[in-house]
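# Residue-level structure breakdown
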Amino acid sequence: MAYDPILNTEIEAGDPVTQDLWTKAQENLDDHESRIISLEGGSSVAYHPFEWHVHGPYGGWAPFTNSDSGCGIIRLTFNITVLGGRVLIHQAGSSGSTEIDILYKRGGGAWTSIFSTKPSVAFGAGDYAASSNAVISTTALLAGDLIRMDITTAQGGTPFGLNGILEFEKT
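Keep in mind that what you see is a predicted model, and the values were worked out from it rather than measured. As a convention, each chain's residues are numbered from 1 in the sequence order in which they are written. Only residues with pLDDT of 70 or above have their local features reported here, since the model is predicted, and side-chain atom pairs are shown and tallied only from 80 upward, although totals for entire chains, interfaces and linings are computed over all residues. Side-chain measures were taken over the full set of non-hydrogen atoms in the model, leaving aside hydrogen atoms and water.

### Quick look at the pairing of strand 12 (residues 160-170)
In this description, strands pair whenever DSSP reports at least two bridges between them. Going along the chain from the N terminus, every DSSP run of H or I of four or more residues is numbered as a helix, and every run of E of two or more is numbered as a strand. In the sheet, strand 1 (residues 50-57) pairs with strand 12 via six bridges, with the strands oriented antiparallel. From the neighbouring strand, Trp52 faces strand 12, where its bridge partner is Gly164. Bridging between strand 3 (residues 80-91) and strand 12 involves ten bridges; their strand directions are antiparallel. Looking across to strand 12, one finds that Arg86 is bridged to Ile165.

### Quick look at the packing of aromatic side chains
Any two rings among Phe, Tyr and Trp, with Trp reduced to its six-membered ring, count as a pair given centres within 6.5 Å; such a pair is stacked if its planes are under 30 degrees apart, edge-to-face if over 60, and tilted if neither. By the definition in use, this model includes five aromatic pairs. Geometrically, the ring pair formed by Tyr47 and Phe78 is tilted, given 5.3 Å between the ring centres and 40° between the ring planes. Taken together, the positions of Tyr47 in the loop between helix 1 (19-42) and strand 1 and Phe78 in the loop between strand 2 (73-75) and strand 3 put the pair 31 residues apart, joining distant regions of the chain. Relative to Phe168, the ring of Phe50 lies with its centre 4.6 Å away and its plane at 15°, an arrangement referred to as stacked. Placement of Phe50 in strand 1 and of Phe168 in strand 12 is noted, with a sequence separation of 118 residues between them. Comparing Phe50 with Phe168 shows no difference in burial state: the two are buried. Within the aromatic cluster, the residues linked to one another by ring pairs are Tyr47, Phe50, Phe78 and Phe168. Burial classes: relative accessible area under 20% of the type maximum marks a residue as buried, over 50% as exposed, and values in between as partly exposed (1.4 Å probe, protein chains only).

### Quick notes on unusual backbone geometry
Peptide bonds are mostly trans, and most non-glycine residues show a negative phi. In this chain, Ala62 is followed by Pro63 through a cis amide linkage whose omega measures 0°. Inspection of the secondary structure assignment puts Pro63 in the loop between strand 1 and strand 2. At Tyr128, a residue that is not glycine, the phi angle is positive and equals roughly 55°. Within the secondary structure layout, Tyr128 lies in the loop between strand 7 (120-122) and strand 8 (129-130). What makes Tyr128 exposed here is its relative accessible area of 58%.

### Brief notes about the pattern of salt bridges
Counted as salt bridges are all cases of a side-chain nitrogen of Lys or Arg within 4 Å of a carboxyl oxygen of Asp or Glu. For the coordinates displayed, the defined rule picks out seven salt bridges. Notably, a salt bridge pairs Lys24 with Glu10, separated by 3.0 Å at the nearest N-O pair. Placement of the pair is Lys24 in helix 1 and Glu10 in the segment before helix 1, with a sequence separation of 14 residues. Of the residues examined, Glu10 reaches a relative accessible area of 29% and is grouped as partly exposed.

### Focus: the nonpolar core
Counting 25 residues, the largest nonpolar core has Phe50, Trp52, Ile80, Ile147, Met149, Leu162 and Leu166 as the members making the most contacts within it. At four residues, the largest contribution of residues to this core is made by strand 3. Buried residues of nine kinds, namely Ala, Val, Leu, Ile, Met, Phe, Trp, Tyr and Cys, make up a nonpolar core once their side-chain atoms join them within 4.5 Å.

### Structural notes on the side chain of Thr98
Of note, Thr98 is situated in strand 4 (residues 97-105). Note on Thr98: relative accessible area 0%, which makes it buried. Looking at Thr98, its side chain comes within polar contact range of the side chain of Tyr58, at 2.9 Å. Whether two residues touch is decided by their heavy atoms; if any such pair falls within 4.5 Å, the residues are in contact. Apart from the residues within four sequence positions on either side, Thr98 is in contact with Tyr58, Val87, Ile89, Pro119, Ser120, Val121, Thr153, Ala154, Gln155 and Leu162. For this analysis, a polar contact is any N or O atom pair within 3.5 Å, provided that within protein one partner can donate a hydrogen and the other can accept it, and provided that sequence-adjacent residues contribute only side-chain to side-chain pairs.

### With respect to the environment of Thr77
With respect to the secondary-structure elements, Thr77 resides in the loop between strand 2 and strand 3. Note on Thr77: relative accessible area 60%, which makes it exposed. Sequence separation between Thr77 and Gly144 is 67 residues, and the spatial gap between their C-alpha atoms is 6.0 Å.

### Some words on the environment of Leu88
Structurally, the position occupied by Leu88 is in strand 3. Since its relative accessible area comes to 22%, Leu88 is described here as partly exposed. Once the C-alpha coordinates of Leu88 and Thr153 are considered, the two residues, 65 residues apart in sequence, prove to be 14 Å apart.

So, in structure tokens, the structure goes:
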């Protein structure tokens with residue numbers, strides 16, 4: 001149904017309120033509400049992924065699995081579905097691989113990895129290489145959950161800088 005404007009001649013002072021006028025008002029309201037519903041259903045909001053930035057040489061830190069904070073803790077303020085996890089290496093080292101883990105904690109529970117295969121990048125991939133091997137085992141995270149990133153292994157030599165990236169959608 002399309003919007004049907006109410007004309008000034010239909011609402012002149014002294015004219016009676018008719019059933020036709022009320023029908024037109026109701027149909028316009030119904031049209032308005034159906035348009036709002038279709039807009040709400042069709043809109044999707046893209047959220048920027050959660051990121052942990054590690055600046056500088058990190059090779060001497062690994063493994064960096066501090067159960068208190070890892071490389072930083074994020075508290076979720078809404079439910080999410082995890083879509084992907086990656087590590088992006090800024091400057092490659094000279095041997096080995098860099099691997100990260102993203103863990104979650106719900107209430108008084110223990111820190112638990114979201115991966116069955118953790119994202120990693122071998123030194124041979126070079127500078128600004130991103131992982132593509134992660135396999136996610138826990139996709140549903142809840143508002144109030146805590147998430148953190150750990151560095152489980154580091155490339156040898158002097159690897160410099162990395163980003164841990166967690167892609168998600170709000171649920």
